[in-house]
Amino acid sequence: ATIKRIAGEHGTDTRIIDAWRDNSTYRRDWALRLLRAEVFERLPQATLAVWGLAYKQHTASIKNSPSVALLDALAGTAVTAYDPAAELPERLRGRVTIARDPPGACQDADVPLVMTPWPDLSEVPLDRVASAMLGLILIDPTGTIDAGCAAVLAPTNDRPGAGSPPVRAPPPPRALRAVALPHRP
């Protein structure tokens with residue numbers, strides 16, 4: 001906002017700043033668009049697990065956090081969250097439950113989302129996650145979970161809804177992806 005104000009005072013073109021901000025918003029909201037288009041269409045009452053509240057790893061700050069923006073947009077959705085350092089903002093308390101660990105956040109969840117790329121999340125045993133959750137999809141816009149490991153655990157045709165096609169979204173930026181986890185027996 002400050003750069004735009006200064007540029008405006010000097011008659012400088014700010015379209016590149018607008019493009020950067022638009023791209024940042026697009027990337028921040030990728031997981032929300034995927035949830036709305038693919039998950040909530042099939043499971044309107046889906047229960048979610050969110051891994052990471054901080055705006056980036058190795059901090060407790062939630063200022064400008066994509067995860068918090070997602071939680072704000074998901075009013076009325078059952079969510080359990082986990083973060084090793086950040087605390088849930090006051091406005092979300094009472095509607096978001098906090099878990100002690102990532103598999104605990106996934107207990108009975110339809111879809112977990114990796115929203116902060118904490119290094120320890122890449123070490124979470126995916127078999128424990130899969131056995132705790134109800135659903136089959138893990139959404140990872142941060143690229144934290146090794147897609148190869150997740151793919152080994154789940155055939156590509158296991159998705160919410162009998163015989164439904166794999167979850168697809170418009171091609172996201174390179175680091176964004178959705179990976180599948182197996183359904184528990």
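Residues numbered from 1 in each chain as written. Predicted model: local features only at pLDDT ≥ 70, side-chain atom pairs only at ≥ 80, totals over all residues. Heavy atoms only, no water.

**Notes on the pattern of salt bridges**
Going through the model one piece at a time under the given rule, you end up with eight salt bridges. A salt bridge links Glu 38 to Arg 42; the shortest N-O distance between them is 3.3 Å. By relative accessible area, Glu 38 is classed as buried at 15%. A salt bridge links Arg 93 to Glu 87, with the nearest nitrogen and oxygen atoms 3.6 Å apart. (Salt bridge = Lys/Arg side-chain N within 4 Å of Asp/Glu carboxyl O. Buried < 20%, exposed > 50% of the residue type's maximum accessible area, 1.4 Å probe, protein only.)

**Quick notes on the packing of aromatic side chains**
In total, this model carries zero aromatic pairs according to the counting rule given. Lying over the aromatic face of Tyr 26, Arg 33 brings its terminal NZ or CZ to 3.8 Å of the ring centre. (Phe/Tyr/Trp six-rings, centres within 6.5 Å; stacked < 30°, edge-to-face > 60°. Lys NZ or Arg CZ within 6 Å of the ring centre and 35° of its normal.)

**Considering the nonpolar core**
Within the largest apolar cluster, 44 residues are counted, with the highest numbers of intra-cluster contacts made by Leu 35, Leu 48, Trp 51, Leu 71, Leu 113 and Ile 139. At six residues, helix α3 (residues 30–39) tops the list of elements feeding residues into this core. (Core = buried A, V, L, I, M, F, W, Y, C linked by side-chain atoms within 4.5 Å. Helix = DSSP H or I, 4+ residues; strand = E, 2+ residues; numbered from the N terminus.)

**Some words on the environment of Val 124**
Within the secondary structure layout, Val 124 lies in the loop between β4 (111–114) and α6 (126–132). In this structure the C-alpha to C-alpha distance between Val 124 and Pro 103, which are 21 residues apart in sequence, comes to 7.7 Å.

**Describing the confidence of the model for the protein**
Across the protein, the average pLDDT comes to 81, with 78% of residues at or above 70. The spread of mean pLDDT over the elements of the protein runs between strand β6 (residues 177–180), the lowest at 45, and strand β2 (residues 79–82), the highest at 98. Segment residues 151–178 is flagged for pLDDT under 50; beyond a separation of four residues in sequence, or across chains, it makes 60 contacts in the model. (pLDDT = per-residue confidence, 0-100. Contact = heavy atoms within 4.5 Å.)

**Considering unusual backbone geometry**
With phi around 65 degrees, His 58 is a residue other than glycine that occupies positive phi space. Topologically, His 58 is positioned in the loop between β1 (48–51) and α4 (66–73). By relative accessible area, which is 62% here, His 58 ends up exposed. Notably, Asn 64 is not glycine yet its phi reads approximately 65 degrees, a positive angle. Here Asn 64 lies in the loop between β1 and α4.

**As for the side chain of Ser 65**
Mapped onto the fold, Ser 65 is located in the loop between β1 and α4. With relative accessibility at 3%, the residue Ser 65 sits in the buried group. A polar atom in the side chain of Ser 65 sits 2.5 Å from the backbone oxygen of Leu 53. At a separation of 3.2 Å, a polar atom in the side chain of Ser 65 contacts the main-chain amide nitrogen of Ser 67. Leave out the neighbours within four places in its chain, and Ser 65 touches Leu 53, Ala 54 and Tyr 55. (Polar contact = N/O pair within 3.5 Å; in protein donor to acceptor, adjacent residues only side chain to side chain.)

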